[in-house]
Amino acid sequence: MNGFWEHEYFRALRELDLPGEDFAVTGSAVLFAHGLIDDPRDLDVLARNGAWERVRQLGEVKPTKLAEGFEVALGNLQFLDSWFPGWETDELIDGADVLHGVRFVRLEVVRATKKQLGRPRDLVHVELIDRKVLEK
C-alpha cells in the first residue's frame, strides 16, 4: 500500500522505536494495513514486555474502557496490555501477520471483536473483512 509509512499514526508509532516482537497493531488499523479502509480513526496497539514498559514511561496508565486490563494513550495511539476476554496477549502478538514490517493482529481476530462490539462502524468493518475473505 502506497503511503503506509506516510500516515501520521504509523510515523508516530515508528518514532517510538518499540521492540517489534513486543507489539501488534489491532482494531481498524488492521483494515487500513490490508487496504480495506482509507484511514483509521486511531491506532490501537497491543503491547507487552519492552514495548509496554516503554509506553508506560511516556503516558498515564488507566483501566481500559472496552477490554480488560490497562491502556496508555499517546495522542491518537492507544496502547493496551490485553485484549478482549478470551484472547491471550502473547498468542495475539506471536500469531500476528507481518505487513509493512509491523505485526498486525490477524483479520479473523479483528472481525470477531468488531462483531462482538456491534457498533455501526464495526459492523461495516465486519462486512469489509468478509468480502476480502470471499475474494480469496
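Structure shown above.
Rules of the game
Residues numbered from 1 in each chain as written. Predicted model: local features only at pLDDT ≥ 70, side-chain atom pairs only at ≥ 80, totals over all residues. Heavy atoms only, no water. Salt bridge = Lys/Arg side-chain N within 4 Å of Asp/Glu carboxyl O. Helix = DSSP H or I, 4+ residues; strand = E, 2+ residues; numbered from the N terminus. Buried < 20%, exposed > 50% of the residue type's maximum accessible area, 1.4 Å probe, protein only.

**Some points on the pattern of salt bridges**
Here's step 1: Following the criterion strictly, the structure yields nine salt bridges and no others.
Here's step 2: Of the charged contacts, one joins Asp-22 and Arg-48 as a salt bridge, the two residues approaching to 3.5 Å between their closest N and O atoms. Of the two residues, Asp-22 sits in the loop between α1 (8-15) and β1 (23-26) while Arg-48 sits in the loop between β2 (43-47) and α3 (49-58), which places them 26 residues apart along the sequence.
Here's step 3: Judged by its relative accessible area of 8%, Asp-22 is buried.
Here's step 4: A salt bridge links Arg-48 to Asp-90; its shortest N-O distance comes to 3.0 Å. Of the two residues, Arg-48 is situated in the loop between β2 and α3 and Asp-90 in helix α4 (residues 89-94); the sequence distance between them amounts to 42 residues.
Here's step 5: On the basis of relative accessible area, Arg-48 is assigned to the buried category, the value being 11%.
Here's step 6: Residues joined by salt bridges that share partners form a network here, namely Asp-22, Arg-48, Asp-90 and Asp-94.

**Here we look at the environment of Glu-8**
Here's step 1: Counting through the fold element by element, Glu-8 comes out in helix α1.
Here's step 2: Separated by 68 residues in sequence, Glu-8 and Asn-76 have C-alpha atoms that sit 9.3 Å apart.

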